[in-house]
Amino acid sequence: MKEAIRLTNKTAIALRRSAQRLRAMHFAAAVILSLALCALGVFLGFLWLPAVPITIAVIALMDCAIVVFSRSRYLSLLGQAICTEAAAREIRAGRSESRRREQAISDLMRAKADVQQTEPAQSRTEEQPRREETDEDAQETRAETDGAAAPHRRRRQSSLQLIRSEQAK
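Source: prediction; values computed, not measured. Counting of residues starts from 1 at the beginning of each chain's written sequence and follows it residue by residue. For a predicted model such as this one, the threshold for reporting local features is a pLDDT of at least 70, and the threshold for listing and counting side-chain atom pairs is 80 or more; totals across whole chains, interfaces and linings nevertheless cover every residue. Working from all heavy atoms in the structure, the side-chain values ignore hydrogens and water.

Could you give an account of the overall build of the chain, naming the residues involved and the relevant values?
A run of DSSP states H or I qualifies as a helix once it reaches four residues; a run of E qualifies as a strand once it reaches two. Both are numbered from the N-terminal end. Along the backbone of the chain there are four helices and zero strands. Burial classes: relative accessible area under 20% of the type maximum marks a residue as buried, over 50% as exposed, and values in between as partly exposed (1.4 Å probe, protein chains only). Classification of the 169 residues of the chain by burial places 19% in the buried group. Put simply, of all contacts in the chain between residues at least 6 apart along the chain, 54% involve residues at least 24 apart. Summed over all atoms, the accessible surface of the chain reaches about 13,800 Å², with 60% contributed by carbon and sulfur. In this description, contact between two residues means that some pair of their heavy atoms is separated by no more than 4.5 Å. Throughout, the Shrake-Rupley method with a 1.4 Å probe supplies accessible areas, and for residues the shown protein chains are the sole cover considered.

Structural data, given as structure tokens:
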């Protein structure tokens with residue numbers, strides 16, 4: 001289960017490493033304190049025998065408290081790392097979304113400018129009533145005026161007509 005969460009942000013990776021170092025430091029402190037209290041228990045056991053079980057109980061409680069505190073700090077820092085990664089991804093997604101939006105707006109403006117440029121030329125050449133142009137029609141007109149092949153365009157769908165049983169006969 002090691003490295004189960006994939007972090008790509010440098011800050012998030014640093015927070016996870018810091019959490020791992022903090023957890024290791026707490027465990028090392030628990031081991032050192034346990035050994036020191038064991039030595040104290042042996043010394044007190046020579047003076048007063050009931051001090052040995054009391055010292056062992058204190059060691060167990062102290063180790064439990066250190067482990068619980070260590071685990072809570074580790075999970076807190078890991079949660080911060082995950083939130084940092086999520087925030088970085090959201091910022092990147094927002095930036096790319098705004099870029100896409102800006103690109104779409106600029107494309108739309110260019111298409112409108114192209115349509116406006118082709119409209120006066122068509123009004124001079126056409127005597128019949130104008131029909132509404134779509135972007136595909138404008139592209140086809142530009143391609144024809146440039147002498148290039150017309151781009152692939154999608155055919156318009158005809159309207160769907162429902163036939164009742166009496167009308168089918």
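Just give me the short version of the packing of aromatic side chains, but keep the residues and values in it.
Only Phe, Tyr and Trp rings are paired, with Trp represented by its six-membered ring, and only when their centres lie within 6.5 Å; those with planes under 30 degrees apart are stacked, over 60 edge-to-face, the remainder tilted. All chains considered together, the criterion is met by zero aromatic pairs. For a Lys NZ or an Arg CZ to count as sitting over a ring, it must be within 6 Å of the ring centre and within 35 degrees of the ring normal. Over the aromatic face of Tyr74 sits the side chain of Arg23, whose NZ or CZ is 4.1 Å from the ring centroid.

Account for a nonpolar patch on the surface, with residues named and values stated.
A patch consists of residues exposed above 30% relative accessible area that lack any salt bridge, with like charges linked at up to 9 Å and nonpolar side chains (Val, Leu, Ile, Met, Phe, Trp, Tyr) linked at up to 5 Å. The term salt bridge refers to a pairing of a side-chain nitrogen on Lys or Arg with a carboxyl oxygen on Asp or Glu at a separation within 4 Å. Together, Leu40, Val42, Phe43, Phe46, Leu47, Trp48, Ile54 and Val58 make up a nonpolar patch on the protein surface, roughly 900 Å² of accessible area in all. Of all the elements in the fold, those that place two or more residues in the nonpolar patch are helix H1 (10-47) and helix H2 (51-125). Considering each element in turn, the nonpolar patch owes the most residues, five residues, to H1. Relative to the elements of secondary structure, Leu47 occurs in helix H1. With a relative accessible area of 63%, Leu47 lands in the exposed category.

Can you tell me about the nonpolar core, naming the residues and giving the values?
Grouped together as the largest cluster of nonpolar side chains are nine residues: Leu7, Ala12, Ile13, Leu15, Ala19, Tyr74, Leu77, Leu78 and Ala81. At the level of secondary structure, the elements contributing two or more residues to this core comprise H1 and H2. Those residues in contact with Ala12 that lie beyond four places of it in its chain are Leu7, Ala81, Thr84 and Glu85. We call a set of buried residues a nonpolar core when its members are Ala, Val, Leu, Ile, Met, Phe, Trp, Tyr or Cys and they connect through side-chain atoms within 4.5 Å of each other. Ranked by size, the runner-up nonpolar core spans five residues in total, among them Ala30, Ile59, Met62 and Ile66.

Go over the pattern of salt bridges with me, naming the residues and quoting the values.
Counting across every chain of the model gives five salt bridges. Across the salt bridge formed by Arg89 and Glu85, the nearest N and O atoms sit 2.9 Å from each other. Placement of the pair is Arg89 and Glu85 together in helix H2, with a separation of four residues, close to one helical turn. A relative accessible area of 3% places Glu85 in the buried class.

Let's hear about the side chain of Asn9: which residues, and what values?
The residue Asn9 is located in the segment before H1 in this model. Residue classification places Asn9 among the buried residues on the basis of a relative accessible area of 16%. Two N or O atoms form a polar contact when they lie within 3.5 Å of each other; inside protein one atom must be a possible hydrogen donor and the other a possible acceptor, and for residues adjacent in sequence the pair counts only when both atoms belong to side chains. Within the local environment of Asn9, its side chain forms a polar contact with the backbone nitrogen of Thr11, the two atoms lying 2.9 Å apart. Once residues within four sequence positions are removed from consideration, Asn9 is found in contact with Thr84, Glu85 and Ala88.

Can you lay out the side chain of Glu85 for me, pointing to particular residues and giving the numbers?
Within polar-contact distance, the side chain of Glu85 engages the side chain of Arg89 at 2.9 Å. Dropping the residues within four chain positions of it, Glu85 is found in contact with Leu7, Thr8, Asn9, Ala12 and Arg92.

So what's going on with the environment of Tyr74? Which residues, and what values?
Its place among the elements puts Tyr74 in helix H2. Between the C-alpha atoms of Tyr74 and Ala19, which are 55 residues apart in sequence, the distance is 5.0 Å. Among all residues touching Tyr74, those that are not within four sequence positions of it are Ala19, Gln20 and Arg23.

Account for H1, naming residues and giving values.
Taking 1.5 Å per residue, 38 residues should reach 56 Å; H1 reaches 55 Å between its end C-alpha atoms and fits that length. Those residues of H1 lying buried are Ala12, Ile13, Leu15, Arg16, Ala19, His26, Ala30, Ser34, Leu37, Gly41 and Gly45. Capping the start of H1, Asn9 holds a side-chain oxygen 2.9 Å from the backbone nitrogen of Thr11, two or three residues further along. Take the number of residues in a helix, subtract one, and multiply by 1.5 Å to get its expected span.

Fair warning: the whole summary comes from geometry, so function is off the table for now.
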